[in-house]
Amino acid sequence: MTDPFIIAGGIASAPLVLDAAKRLLGPSLDMLGDGIKSGLVNRKSNVHKVAERADAKADTSQPGAIPPRVASEVFDKAQWAEDEFVAEYLSGMLASARTLAGIDDSAVSWTALVGRLSSDQLRLHYALYSAVRGKVVGQKVENLSDWESKPVFVGYMDLITKVLAWDGDTFQARVIEAGVGLEREGLIDTLAHGSTGFWEKHWSPRSGKALPDDQFGFLMFQPTSAGAMLFLRAHGHKLDAGKLTDVDLTLEFAGDPNQAPLPVPGYWADDLPVLQQPSPVHEQEDPPPAKG
């Protein structure tokens, strides 16, 4: 079947866009009014990009619909979704709202949350929860506190090279501000950050653990249920936080493959090697007196 969101030069064919929107949204499309419909056709690629990704994430082979409140909120914000991660998260909100009855509008609040997060915050959230996913996937977890109570370390170099791609001169200021924003929204908890020297001086001696030496600093945080659920929503899944451990759940970036983030390694304190204590220095005994 022809891809319903064929885009030529950033503008999709009007019938194809509306047909795809009808397939994705169901009867809700007719309730959105001419303004939204014309926006789907006439506005440039941002709205199309979000709709295309939502279509890829949702199972549109089955009947279903998206509540008009959700669709209206998402498409309104999608007009300004130039950033890849803004588009990724908004498309996930749209896809996760699609149900058989089309009346579950719980994605409205999640969409509002995405709308007030900066692109920096969304990128950092994606990076941090890809690290959490790497730690918990495939594990049998009986209680969320088994992993929500464990601080996770991520290295600054890994964040830069795998997801954030921020300039080194501004990196620390941006990552700290984004992290504080995520903590304020309840998406992470117990945020701490600092250079490698800071952690070696203040954390390693108390914990008895050594952090990797190939980073120039680390961010530490504790995951939360809200943070995990937003990560799942971004991939089009309306699931409880515990599903982050599901090895059969596909969590892939739906955007431009050339801009797709790489998995970020995370470290739990229990996984880190024991800090090697320096050998004690023994005082040298005085030589025996020389015989005259």
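This text goes with the structure placed above it.
Treat the numbers as computed from the prediction; the structure is a model and nothing was measured. Position labels on residues start from 1 in each chain and follow its written sequence. pLDDT decides what is reported in this predicted model: residues at 70 or higher carry local features, side-chain atom pairs at 80 or more are listed and counted, and totals for whole chains, interfaces and linings draw on all residues regardless. Water and hydrogen atoms play no part in the side-chain values, which are based on all heavy atoms of the structure.

## What about the environment of Pro68?
Part 1 of the reasoning: The secondary structure listing takes helices from DSSP runs of H or I that are at least 4 residues long and strands from runs of E that are at least 2 residues long, numbered from the N terminus. Examined against the element boundaries, Pro68 turns out to sit in helix 4 (residues 68-78).
Part 2 of the reasoning: Here Pro68 falls in the partly exposed class, since its relative accessible area comes to 23%.
Part 3 of the reasoning: Taking C-alpha positions, Pro68 is 8.4 Å from Asp105, a pair spaced 37 residues apart along the chain. A simple rule labels every residue: compare its accessible area, found with a 1.4 Å probe on the protein chains alone, to the largest value its type can have, and call it buried under 20%, exposed over 50%, or partly exposed in between.

## Overview of the nonpolar core
Part 1 of the reasoning: The biggest cluster of nonpolar side chains holds 66 residues, and the ones touching the most others in it are Leu128, Val154, Leu159, Val175, Leu230 and Leu244.
Part 2 of the reasoning: Of all the elements, helix 7 (residues 119-136) adds the most residues to this core, at nine residues.
Part 3 of the reasoning: Ranked by size, the runner-up nonpolar core spans seven residues in total, among them Phe153, Trp199, Trp203 and Leu211. Take the buried residues of types Ala, Val, Leu, Ile, Met, Phe, Trp, Tyr and Cys, join any two whose side-chain atoms come within 4.5 Å, and each joined set is a nonpolar core.

## Some thoughts on the packing of aromatic side chains
Part 1 of the reasoning: Side-chain rings of Phe, Tyr and Trp (the six-membered ring for Trp) are treated as a pair once their centres are within 6.5 Å; stacked means planes under 30 degrees apart, edge-to-face means over 60, and tilted covers the remaining angles. Under the criterion given, the structure shown has 15 aromatic pairs.
Part 2 of the reasoning: An angle of 65° between the planes, with centres 5.3 Å apart, marks the rings of Tyr126 and Phe231 as edge-to-face. On the criterion of sequence distance, the pair formed by Tyr126 in helix 7 and Phe231 in helix 13 (residues 225-234) is long-range, its members being 105 residues apart. Considered together, Tyr126 and Phe231 belong to a single accessibility category, that of buried residues.
Part 3 of the reasoning: Aromatic pair Phe171 and Phe216: ring centres 5.9 Å apart, planes at 70°, arrangement edge-to-face. Residue Phe171 is located in helix 10 (residues 168-184), and its partner Phe216 is located in the loop between helix 12 (204-207) and strand 5 (217-223); the two are separated by 45 residues in the primary sequence.

## Structural notes on the sheet that holds strand 4 (residues 188-195)
Part 1 of the reasoning: Here four strands make up an open sheet; going across it, the order is 4-5-3-6 and the pairing antiparallel. Edge positions in the open sheet fall to strand 4 and strand 6 (267-268), since each of these has one partner strand only.
Part 2 of the reasoning: Strand pairing is assigned whenever DSSP identifies at least 2 bridges connecting the two strands. Pairing between strand 4 and strand 5: six bridges, direction antiparallel. Paired with His193 across the strands is Leu219, a residue of strand 5.
Part 3 of the reasoning: Contacts between residues were defined by any pair of non-hydrogen atoms, one from each residue, lying within 4.5 Å. To obtain each axis, a line is fitted to C-alpha atoms, and for helices this fit is confined to the stretch in contact; angles are then taken between N-to-C directions over 0 to 180 degrees. Most of the contacts of helix 9 (residues 156-164) go to strand 3 (residues 152-155), to which it runs at about 65°, and overall it touches strand 3, strand 4, strand 5 and strand 6.
Part 4 of the reasoning: Set on the sheet, helix 10 makes contact with strand 4 and strand 5; between it and strand 4 the angle comes to about 165°.

## Some points on the pattern of salt bridges
Part 1 of the reasoning: The salt bridge definition used is simple: a Lys or Arg side-chain nitrogen within 4 Å of an Asp or Glu carboxyl oxygen. Counting across every chain of the model gives ten salt bridges.
Part 2 of the reasoning: With a shortest N-O distance of 2.8 Å, Arg53 and Glu88 are connected by a salt bridge. One end of the pair, Arg53, is in helix 3 (residues 45-57); the other, Glu88, is in helix 5 (residues 84-96), and 35 residues separate them in sequence. Both residues of the pair, Arg53 and Glu88, belong to the buried class.
Part 3 of the reasoning: Between Glu185 and Arg116 there is a salt bridge whose closest N-O contact spans 2.9 Å. Residue Glu185 is located in the loop between helix 10 and strand 4, and its partner Arg116 is located in helix 6 (residues 107-116); the two are separated by 69 residues in the primary sequence.
Part 4 of the reasoning: Within this structure, Arg53, Lys57, Glu84 and Glu88 form a network of salt bridges that share partners.

## Re the pairing of strand 3
Part 1 of the reasoning: Burial along strand 3 is two-sided: Val152 and Val154 and Phe153 and Gly155, pointing in opposite directions, are all buried.
Part 2 of the reasoning: Here strand 3 pairs with strand 5 via four bridges, running antiparallel. Its bridge partner lying in strand 5, Gly155 is registered against Phe218.
Part 3 of the reasoning: With two bridges connecting them, strand 3 and strand 6 associate as antiparallel partners. Across the sheet, residue Phe153 finds its bridge partner in strand 6, namely Tyr267.

## Regarding helix 10
Part 1 of the reasoning: Under the convention used throughout, the expected extent of a helix is 1.5 Å for every residue step, that is, one less than its residue count. The end-to-end C-alpha distance of helix 10, which contains 17 residues, comes to 25 Å, matching closely the 24 Å that a straight helix rising 1.5 Å per residue would cover.
Part 2 of the reasoning: Listing the buried residues of helix 10 in full gives Phe171, Val175, Ala178, Gly179, Gly181 and Leu182.
Part 3 of the reasoning: Each element contacted by the buried residues of helix 10 is listed here: helix 7, helix 9, strand 4 and strand 5.
Part 4 of the reasoning: The opening residue of helix 10, the one whose side-chain oxygen lies 2.9 Å from the backbone nitrogen of Asp169, is Asp167.
Part 5 of the reasoning: Two residues or fewer past helix 10, Gly186 is found with a positive phi of approximately 80°. Counting of polar contacts relies on pairs of N or O atoms within 3.5 Å, with two restrictions inside protein: one atom must be capable of donating a hydrogen and the other of accepting it, and residues adjacent in sequence are counted only when both atoms are side-chain atoms.

## Some points on helix 5
Part 1 of the reasoning: Taking 1.5 Å as the rise per residue, helix 5 with 13 residues should run 18 Å; its terminal C-alpha atoms sit 18 Å apart, in good agreement.
Part 2 of the reasoning: Where helix 5 begins, the side chain of Asp83 points an oxygen toward the backbone nitrogen of Phe85, at a separation of 2.8 Å.

## Section: the packing of helix 6 against helix 13
Part 1 of the reasoning: Running from amino to carboxyl end, helix 6 crosses helix 13 at an angle of 95°, the nearest separation of the two axes being 11 Å. Classified by the interaxial angle, the pair formed by helix 6 and helix 13 is roughly perpendicular. Between helix 6 and helix 13, the contacting residues are Ala107, Trp110, Leu113 and Val114 on the first element and Ala226, Met229, Leu230 and Arg233 on the second.
Part 2 of the reasoning: Residues are grouped as follows: Ala, Val, Leu, Ile, Met, Phe, Trp, Tyr, Cys and Pro are nonpolar; Asp, Glu, Lys and Arg are charged; every other residue, Gly included, is polar. Partitioned by chemical class, the residues of the contact of helix 6 with helix 13 number seven nonpolar, no polar and one charged. Roughly parallel here means an angle under 35 degrees, roughly antiparallel means over 145, roughly perpendicular means 65 to 115, and every remaining angle is called oblique.

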